[in-house]
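Structural overview for review
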Amino acid sequence: MIRRRNRYRKSHPPPHVIAMLKSFYFLLPLLLTTPAWAGPPLPSCYAGLYLDEPERTASRAYYLFVDQTTPLTAALKTNVANLTANWGGNGERVKIVRFSANVSGQYTELMFDEFSDLPPTQEYLFHLHPRDKPKLLECIKARTEKFHQLLNHAVNQTLAMSDGKLPKTDLLHALKELTEKVLLRETNYEQTVLLVSDGLENSSYASFYQRKIIKPIDVNKTLDDIGKLNLIPDWHGAKVYMFGLGYLHDDKIYANPKLLQPLKDFWQAYFGLGKARLMELGTPGLLVSTLK
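These notes cover the structure that comes with them. Just so it is clear, the structure is predicted and the values come from calculations on it, not from any experiment.

Notes on the overall build of the protein
- On a plain count of helices and strands, the protein comes out with 8 helices and 8 strands.
- The proportion of buried residues among the 292 residues of the protein is 48%.
- Look at the contacts in the protein between residues 6 or more apart in sequence, and 81% of them connect residues 24 or more apart.
- Surface summary for the protein: the accessible area is close to 15200 Å², and the carbon and sulfur share equals 55%.

What follows is the structure, given as structure tokens:
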């Protein structure tokens, strides 16, 4: 019988890596039935079987940035969870970051950062050893389920940490930091950002909010002021969806449409100057059902 040459085999990893991977595969059945936990990165199924990763020409990265000073209703939280539910397929990278006002106990924190495994092509499977094919497919299926379990937990946990009693975020400074430290610089990644925030900047150089109401905004002057402070960062061409714009969590107050329009105009111009591809401004929710 002619045996197919295994083009995707490679040398064994170091002993400590083997031990970690073995423990992962022994625990797979248990992990899929227990609550999600924020543990170490999930080992790749390809590494576990000592196989090369499939070749890729491009990939996607998805980001959820959550302003902790914007507490959403249960319905809006469900909306966010639904928008992120199908992230993490076909080798995608997903990051979740929370940020807040600069007060005690609140800080910018990376809540989730994982890659999903890239599914093998038929050509890739054709060149595998017969005993490796079912192992790889079973592992990828289990790892994908675990990935989404952890993702769903991280989304809900991050949204639950929001607190309306916090002072409004220094939002422009926070976004500059996130674009510089969290967004990927690799040109082969298509990047999508879901920003959950009311968009109500409150700082010494710009204030959109006072006494629980949205203030009138001079859009051009504000953009000029923050531009001089270098607070319009490079979004590296990322697609951006903003969720929660103008949202006031006090049910006795509503966002005046006359004041909401300048707020929308500001953020539309801000993202344009920052080389982002603004897809939608949700006031508060988005009208799309998926960000794919």
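Read on, since the account is not over.
Observations concerning the state of the cysteines
- Counting across every chain of the model gives 1 disulfide.
- Here C45 pairs with C139 through a disulfide, and the sulfurs are 2.1 Å apart. Handedness of the C45-C139 disulfide follows from its S-S torsion of about -85°: it is left-handed. Placement of C45 in helix α2 (residues 45–48) and of C139 in helix α5 (residues 132–160) is noted, with a sequence separation of 94 residues between them. As far as the burial class goes, C45 and C139 line up, both buried.

Considerations on the packing of aromatic side chains
- On inspection of all chains with the given rule, the structure shows 11 aromatic pairs.
- Their ring planes at 25° and their centres at 5.0 Å tell us that Y62 and W87 sit as a pair that is stacked. Here Y62, found in strand β1 (residues 59–67), pairs with W87, found in the loop between α3 (74–84) and β2 (93–99); they are 25 residues apart in sequence, far enough to count as distant.
- Geometrically, the ring pair formed by Y63 and F65 is tilted, given 5.9 Å between the ring centres and 50° between the ring planes. In terms of burial, Y63 and F65 fall into one category: buried.
- Within the aromatic cluster, the residues linked to one another by ring pairs are F208, W235, F266, W267, Y270 and F271.

Section: the nonpolar core
- Judged by nonpolar contacts, the single largest core of 40 residues is most densely connected at F65, W235, W267 and Y270.
- Among the elements of the structure, β1, β2, α6 (171–181), β4 (189–196), α7 (219–228), β7 (239–243) and α8 (257–273) are those that each provide at least two residues to this core.
- The residues touching F65, leaving out its near neighbours within four places in the chain, are V97, F99, L178, V182, L183, V193, L194, L195, V196 and W235.
- In this structure, V94, F112, L194 and Y241 belong to the second largest nonpolar core, which totals 27 residues.

Quick word on the sheet that holds β7
- A sheet is described by the order of its strands in space; here 6 strands give the open sequence β3-β2-β1-β4-β7-β8, paired in mixed fashion. Edge strands, defined here as strands with exactly one partner in the open sheet, are β3 (109–115) and β8 (277–281). On average, adjacent strands in this sheet sit at an angle of 15° to one another, irrespective of strand direction.
- Relative to β3, β2 runs antiparallel, the two sharing 6 bridges. For K95, the partnering residue across the bridge sits in β3 and is D113.

About the criteria used
- Residues numbered from 1 in each chain as written.
- Predicted model: local features only at pLDDT ≥ 70, side-chain atom pairs only at ≥ 80, totals over all residues.
- Heavy atoms only, no water.
- Helix = DSSP H or I, 4+ residues; strand = E, 2+ residues; numbered from the N terminus.
- Buried < 20%, exposed > 50% of the residue type's maximum accessible area, 1.4 Å probe, protein only.
- Contact = heavy atoms within 4.5 Å.
- Areas by Shrake-Rupley, 256 points an atom, 1.4 Å probe, with all protein chains shown as cover.
- Disulfide = S-S within 2.5 Å.
- Phe/Tyr/Trp six-rings, centres within 6.5 Å; stacked < 30°, edge-to-face > 60°.
- Core = buried A, V, L, I, M, F, W, Y, C linked by side-chain atoms within 4.5 Å.
- Pairing = 2+ DSSP bridges.
- Axes fitted to C-alpha atoms, helices over the stretch in contact; angles between N-to-C directions.

Just geometry here; none of it tells us what the structure is for.
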